[in-house]
Amino acid sequence: MKKYFFLLPILFFFGCSTQELSVIKHTYEKTAEFSIINTAEETGLMEIKIFGIGRADAVLITTQNHTVLIDTGENRHGRTIAHYMHGQNITSLDYLIITHFDSDHVGGAHEIIRFIGVENVIVPNYSRESRHVERFLAAKLAVGLESYVLKEEIRFTLDGAEFIVNPSALEYLHFPLDEDSDGDDFSIVVSVTHGENSFLFTGDAVESRLSEILAHEELSARHDFLKVPRHGRYNRHSVELIHAISPRYAVITGFHPDKLGCFAPERPADERVIAELESIGAEIFFTMTESVRIICDGHTMSVSF
């Protein structure tokens, strides 16, 4: 019988001042100069932590000397993530990558910027008016930090771990405050190769974005690990991706439809996605009760709580 793992969020609530909400419009399109960090150290241990924050995304990747954070969960999760990093003696991020501007991906970014030093911020090539984006922009402005708007693929190596950071091919769009739309198909996708192990983080990629991934020779190649797109929502391209990369391990940042207990989320993971992962023998983890921890040395990898 297939074994499942579940992760439950810890909730912290705090707000931001109304003054922060007015300091944003003129800075939105400013683009920082981007410095690619490449280190020649041999491949050592790499740790990946997928935070157990329910139906939200935050992934911390730590090599011997460098740290990358992909997404920051909701507003209530930002300080929790920052406290964890401080507890691990992490006081600076080489890269903060915001895959897209939905609240469950960028919501905690202002707290990360407030409590953790950030060298580079990478964001997708679109804009969105919302409270959580305004907090993010105000926090950057307060510390003089600008974003690198990703329009072309970039690559860098940190302690032997090779990163591909891939943008959507869609043309720039702006989503007004009252527009009921999202930027899922603008999601930045990150592939990490660490020796013989490989990892794919897909944000909330849906139809057109998944088509781009499938057409990309390296992103659609076999990976040992998959952060399942869009919290385990189903579409035909997500199924194609699962079979193309054939992961040994998969994390769904969401809820299993049959294991909700006292939870009643609007959109649990789709049973068809779970069935496809099971069909290829993937071990599936859900972000309901605690975080997933991956340790790899370039040859072997372990996945545990």
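A short tour of the structure in this document, coming up. Counting starts from 1 at the beginning of each chain's written sequence and moves along it residue by residue. The predicted origin of the model limits local features to residues at a pLDDT of at least 70 and limits the giving and counting of side-chain atom pairs to 80 or more, whereas totals for whole chains, interfaces and linings rest on all residues. Water and hydrogen atoms play no part in the side-chain values, which are based on all heavy atoms of the structure.

**Things to note about the packing of aromatic side chains**
Both the distance between ring centres and the angle between the ring planes are used here to describe each pair of aromatic rings. Aromatic pairs are defined between Phe, Tyr and Trp rings, using the six-membered ring for Trp, whenever the two ring centres lie within 6.5 Å; interplanar angles under 30 degrees are classed as stacked, those over 60 as edge-to-face, and all others as tilted. Applying the stated criterion across every chain, the model contains ten aromatic pairs. For the ring pair Tyr95 and Phe156, a centre distance of 4.1 Å and an interplane angle of 20° mean the geometry is stacked. Pair noted here: Tyr95 is in strand S5 (residues 92-97) and Phe156 is in strand S9 (residues 154-158), with a separation of 61 residues, a long-range link. Summarising the aromatic geometry, the rings of Tyr126 and Phe175 are spaced 5.5 Å apart at their centres and angled 75° between planes, so their arrangement reads as edge-to-face. Pair noted here: Tyr126 is in the loop between strand S6 (117-123) and strand S7 (127-128) and Phe175 is in strand S11 (residues 174-175), with a separation of 49 residues, a long-range link. Aromatic rings pair up to connect Phe101, Tyr126, Phe136, Phe175 and Phe186 into one cluster. Its end group placed over the ring of Tyr84, Lys49 keeps NZ or CZ at 4.3 Å from the ring centre. Strands are runs of DSSP state E lasting at least two residues, helices are runs of H or I lasting at least four, and both sets are numbered from the N terminus onward. Throughout this description, the term charge over a ring refers to an Arg CZ or Lys NZ atom that lies within 6 Å of the ring centre and within 35 degrees of the ring normal.

**Points about helix H5 (residues 207-215)**
Note on exposure labels: buried denotes an accessible area under 20% of the residue type's maximum, exposed denotes more than 50%, and partly exposed covers the range between, all computed with a 1.4 Å probe on protein chains only. All of the buried residues along H5 are Arg209, Leu210 and Ile213. End-on view of H5: buried residues confined to an arc of 100°, all on one side of the axis. Comment: arc refers to directions from the helix axis out to C-beta atoms.

**Some thoughts on the pairing of strand S15 (residues 249-252)**
Side-chain alternation along S15 places Tyr249 and Val251 on one buried face and Ala250 and Ile252 on a second face that is also buried. Two strands pair if DSSP finds at least two bridges between them. Across three bridges, the pairing between strand S14 (residues 225-227) and S15 is parallel. Paired with Phe225 across the bridge in S15 is Tyr249. Viewed along the sheet, the connection from S14 through helix H6 (residues 236-245) into S15 turns out right-handed. When S15 meets strand S16 (residues 283-286), the two strands line up parallel, connected through four bridges. In the sheet register, Val251 faces S16, and the bridge partner there is Phe285. By definition, the crossover connecting two strands over a helix is right-handed if that path, from the first strand to the second, turns clockwise as seen with the strands pointing away from the viewer.

**A word on the sheet that holds strand S2 (residues 46-50)**
Here we have eight strands laid out as an open sheet, ordered S8-S6-S5-S4-S3-S2-S17-S18, and mixed in their pairing. Each edge of the sheet is formed by a strand with only one pairing partner; in this case those strands are strand S8 (147-149) and strand S18 (301-304). The sheet shows a mean angle of 15° between the axes of neighbouring strands, direction not considered. As paired strands, strand S17 (residues 292-296) and S18 are joined by four bridges and run antiparallel to one another. By the bridge assignment, Arg293 is partnered in S18 with Ser304. Orientation is described by axes fitted as lines to C-alpha atoms, over the contacting stretch for helices, and by angles from 0 to 180 degrees between their N-to-C directions.

**Some thoughts on unusual backbone geometry**
One non-glycine residue, Asp71, lies in positive phi territory at about 70°. With respect to the helices, strands and loops of the structure, Asp71 is situated in the loop between strand S4 (67-70) and helix H1 (78-87). Its relative accessible area of 1% is what places Asp71 among the buried residues. Even without being glycine, Arg230 reaches a positive phi, approximately 45°. As for its position among the elements, Arg230 is in the loop between S14 and H6.

**Some thoughts on helix H7 (residues 271-279)**
Residues spaced three or four apart along an α-helix point in a common direction, a consequence of the helix completing one turn every 3.6 residues. Listing the buried residues of H7 in full gives Val273, Ile274 and Leu277. Angular distribution of buried residues about the axis of H7 spans 100°; they occupy a single face of the element.

**Looking at the pattern of salt bridges**
The salt bridge criterion pairs a side-chain nitrogen of Lys or Arg with a carboxyl oxygen of Asp or Glu, the two atoms within 4 Å. Scanning all chains against the criterion turns up twelve salt bridges. Of the charged contacts in the structure, one is a salt bridge between Arg293 and Glu47, with a shortest N-O distance of 2.9 Å. Here Glu47 lies in strand S2 and Arg293 lies in strand S17, a separation of 246 residues in the sequence. Residue Arg128 is joined to Asp102 by a salt bridge in which the shortest nitrogen-to-oxygen separation is 2.5 Å. In this pair, Arg128 is assigned in strand S7 and Asp102 in the loop between S5 and helix H2 (103-106), connecting sequence segments 26 residues apart. For the pair Arg128 and Asp102, one class covers both residues: buried.

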